[in-house]
Amino acid sequence: MRILIVEDEKDLAMILSEILNMEGYYTDNAYDGESGLDNALSGIYDLIILDIMLPVMDGIQVLREIRKSSITIPVLMLTAKSEIEDKVLGLDNGADDYLTKPFNTKELLARVRALSRRKEKTLISDNIEFEDIILDKTTHEMIKDDQKIKLSKKEYDILELLILNYGKVVSKESLIMKIWGYDADIEYNSIEVYISFLRKKINAVNSRIHISTARGRGYTIKEKKNG
């Protein structure tokens, strides 16, 4: 699970990273609202911890832009303010939870676990249906009509990520960070191999979808045009 921490107090951001890293989470830090928003819009994160009082762009502005971009990942607001109005403002603009500084480490971790469970329930509640195929979350099969083809775990994860980002180009960097992890030693040509396998399997079931290469940028999933 990858978490983005947007906090301008660098010492606190580092402490948060260390706490979360010890619990097995991957973390990235941003120290102002603008860079935090840029990171959030990448779509590679499973949870965002967002401070309200930030330079350049405050946390509420960042939150509004995240939700305006149809990004639904859970956001935990973090602030020194404790007034009810601030909590209401954050929640009304799309925050999923709220924690006031100073906070207890155990409470922070409990809230992170609760938000991650909520996200997992949303993602795994049903199989994924896209155009003329179904992805079976349990068996990792791609199904079209009466045809089924087995996908490897990585093939399944890549295809799922492309489908969930339909209409967007997913960069190779995003694929590596989201599926293998930030510190993974994976070459770009490994991604190309998996994409090649997926294309062959999609063709094998005669699906009308295809994975398109956006040269120099990444991959996107589309529907084949007739003719």
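Going by the structure above, here's the rest.
A brief structural summary. These figures come from a predicted structure and were not determined experimentally.

Digging into the sheet that holds strand β4 (residues 75-79)
Argument step 1. Spatially, β2-β1-β3-β4-β5 is the arrangement adopted by the five strands of the open sheet, whose pairing is parallel. Of all strands in the sheet, those bounded by a partner on one side alone are β2 (26-30) and β5 (97-100). Pairwise comparison of adjacent strand axes, ignoring direction, gives a mean angle of 20 degrees for this sheet.
Argument step 2. Relative to β5, β4 is paired through four bridges, and the arrangement is parallel. Bridge pairing in β5 links Leu-76 to Asp-97.
Argument step 3. Packing of helix α1 (residues 10-22) onto the sheet brings it into contact with β1 (2-6), β2, β3 (47-51) and β4, and relative to β2 it is tilted by some 170 degrees.

A word on α1
Argument step 1. With 13 residues, α1 ought to run about 18 Å at 1.5 Å a step, and its terminal C-alpha atoms sit 18 Å apart, in line with that.
Argument step 2. Burial in α1 covers these residues: Leu-12, Ala-13, Leu-16, Ser-17, Ile-19 and Leu-20. The arc that holds every buried residue of α1, seen down its axis, measures 165 degrees, which confines them to one face. Seen from the open side of α1, the exposed residues pointing more than 90 degrees away from its buried face are Lys-10, Asp-11 and Met-22.

What to know about the nonpolar core
Argument step 1. Counting 27 residues, the largest nonpolar core has Leu-135, Met-142, Ile-158, Leu-159, Leu-162, Ile-163 and Leu-175 as the members making the most contacts within it.
Argument step 2. Elements that contribute at least two residues to this core include exactly β6 (128-130), β7 (133-136), α6 (153-164), α7 (172-180), α8 (188-204), β10 (209-214) and β11 (218-223).
Argument step 3. The leading source of residues in this core is α6, at six residues.
Argument step 4. The contact partners of Ile-163, leaving out residues within four places of it in the chain, are Ile-128, Phe-130, Ile-133, Leu-135 and Ile-221.
Argument step 5. Grouped together as the second largest cluster of nonpolar side chains are 22 residues, Leu-37, Ile-48, Leu-50 and Ile-66 included.

Structural notes on the pattern of salt bridges
Argument step 1. Tallied over the entire structure, the rule returns 15 salt bridges.
Argument step 2. A salt bridge links Asp-96 to Arg-67; the nearest nitrogen and oxygen atoms lie 2.9 Å apart. Of the two residues, Asp-96 is situated in the loop between α4 (84-92) and β5 and Arg-67 in helix α3 (residues 59-68); the sequence distance between them amounts to 29 residues.
Argument step 3. Owing to a relative accessible area of 26%, Asp-96 belongs among the partly exposed residues under this scheme.
Argument step 4. Given the relative accessible area of 21%, Arg-67 is considered partly exposed.
Argument step 5. One salt bridge in this structure joins Lys-144 and Asp-145, with 3.0 Å as the shortest N-O distance.
Argument step 6. Assessed through its relative accessible area of 11%, Lys-144 is described here as buried.

Parameters and conventions
Residues numbered from 1 in each chain as written. Predicted model: local features only at pLDDT ≥ 70, side-chain atom pairs only at ≥ 80, totals over all residues. Heavy atoms only, no water. Pairing = 2+ DSSP bridges. Helix = DSSP H or I, 4+ residues; strand = E, 2+ residues; numbered from the N terminus. Axes fitted to C-alpha atoms, helices over the stretch in contact; angles between N-to-C directions. Contact = heavy atoms within 4.5 Å. Expected span 1.5 Å × (residues − 1). Buried < 20%, exposed > 50% of the residue type's maximum accessible area, 1.4 Å probe, protein only. Arc of directions from axis to C-beta. Core = buried A, V, L, I, M, F, W, Y, C linked by side-chain atoms within 4.5 Å. Salt bridge = Lys/Arg side-chain N within 4 Å of Asp/Glu carboxyl O.

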